[in-house]
Amino acid sequence: MLTKGRTELVMDNMNDFKQQFKSQQKQTTPVNPDKIKNLLKGLAITVAAIVVVFILFGSFTFTVDETQQAVVTQFDRIIRIIVDDVNAPSIQALKEDPRYADVKIQQGKGLFLKVPFIQQVKHFSNKLISYDTSAEEVTTLDKKTIFIDNFAKWKITNPATFMVNIGTQGVAHQRIDEVIYSKMREEIGRVDAHILIA
């Protein structure tokens, strides 16, 4: 008896639910196309505003990560450098150089501000850089030809003077090649081949 009463109660509730659902379907108003257009227009404006904010934020800021140093230029003139240690000897020498008297030296990593479109940022590595040169022929004192392959490890200690005097890592590698091979030829030309090989 108790089960029959519950079943009737459930059936009554389902019938009530169906009637309410049908009445709500009849009462719903048709979708207004102008409201949808306004909603989409507002959404498009919001998305465009967010994109503009990100672009402006990116043009007003720059980052220097843990493996970098940076040089900020304005109209190709160095105005600021961001380095690892302002007390490093190469940076102290920079402070004493009258050519760099107006350069602001900052220590740190992270997010920095700049003037958009006027100031440009160039990043340089602060890590020990490995450069593997290509093998070259060298003649020994006893006129024997040998091939020598070597490598160099170097580091940019002062990004401002590096940028002014050398420019890029590619140019630095060319200069390293010239110096290493001229010295190697000079030194190996003074030694017999059997001494080098032994």
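Attention in this report is confined to the structure presented alongside it. Not measured: the values here are computed from a predicted model.

1. Some points on the overall build of the protein chain
For step 1, the next point in the chain: A count of helices and strands for the protein chain gives six helices and ten strands.
For step 2, the next point in the chain: Burial statistics for the protein chain: of 198 residues in total, 27% are counted as buried.
For step 3, the next point in the chain: Restricting to contacts in the protein chain with at least 6 residues of sequence separation, those with at least 24 account for 64%.
For step 4, the next point in the chain: Just so you have it, the protein chain exposes about 14,400 Å², and 60% of that area is on carbon and sulfur atoms.

2. So, the sheet that holds strand S6 (residues 119–125)
For step 1, the next point in the chain: With respect to topology, four strands assemble into an open sheet ordered S4-S3-S2-S6, the strand pairing being mixed. For this open sheet the edge positions go to strand S4 (104–107) and S6, each flanked by a neighbour on one side alone. With direction set aside, neighbouring strand axes in the sheet form an average angle of 20°.
For step 2, the next point in the chain: Sheet analysis places strand S2 (residues 68–74) next to S6, joined by seven bridges and oriented antiparallel. Residue pairing for S6: glutamine 74 is matched across the bridge by glutamine 119.

3. Considerations on the pattern of salt bridges
For step 1, the next point in the chain: The final tally for this structure, using the stated rule, is five salt bridges.
For step 2, the next point in the chain: In this structure, lysine 109 engages aspartate 84 in a salt bridge whose closest nitrogen and oxygen atoms are separated by 2.4 Å. Note that lysine 109 is positioned in the loop between S4 and strand S5 (110–113) and aspartate 84 in the loop between strand S3 (77–83) and helix H3 (89–96), a separation of 25 residues in sequence.
For step 3, the next point in the chain: In this structure lysine 109 comes out as partly exposed when scored by relative accessible area, which is 25%.

4. A look at the nonpolar core
For step 1, the next point in the chain: Judged by nonpolar contacts, the single largest core of 22 residues is most densely connected at Ile78, Ile81 and Trp154.
For step 2, the next point in the chain: Apart from residues no more than four positions distant in its own chain, tryptophan 154 is found in contact with Lys127, Leu128, Ile129, Tyr131, Phe162, Gln169, Ala172, His173 and Ile176.

5. Quick look at the pairing of strand S8 (residues 136–139)
For step 1, the next point in the chain: Across four bridges, the pairing between S8 and strand S9 (residues 145–148) is antiparallel. Of the residues in S9, the one forming a bridge with glutamate 137 is phenylalanine 147.
For step 2, the next point in the chain: In textbook terms, the turn of a hairpin is the stretch between consecutive antiparallel strands, and for S8 and S9 this stretch comprises five residues, one of which, lysine 143, has a positive phi near 65°.

Each value, and the rule that gives it
- Residues numbered from 1 in each chain as written.
- Predicted model: local features only at pLDDT ≥ 70, side-chain atom pairs only at ≥ 80, totals over all residues.
- Heavy atoms only, no water.
- Helix = DSSP H or I, 4+ residues; strand = E, 2+ residues; numbered from the N terminus.
- Buried < 20%, exposed > 50% of the residue type's maximum accessible area, 1.4 Å probe, protein only.
- Contact = heavy atoms within 4.5 Å.
- Areas by Shrake-Rupley, 256 points an atom, 1.4 Å probe, with all protein chains shown as cover.
- Pairing = 2+ DSSP bridges.
- Axes fitted to C-alpha atoms, helices over the stretch in contact; angles between N-to-C directions.
- Salt bridge = Lys/Arg side-chain N within 4 Å of Asp/Glu carboxyl O.
- Core = buried A, V, L, I, M, F, W, Y, C linked by side-chain atoms within 4.5 Å.

Keep in mind that these numbers describe shape and distance, not what the molecule does.
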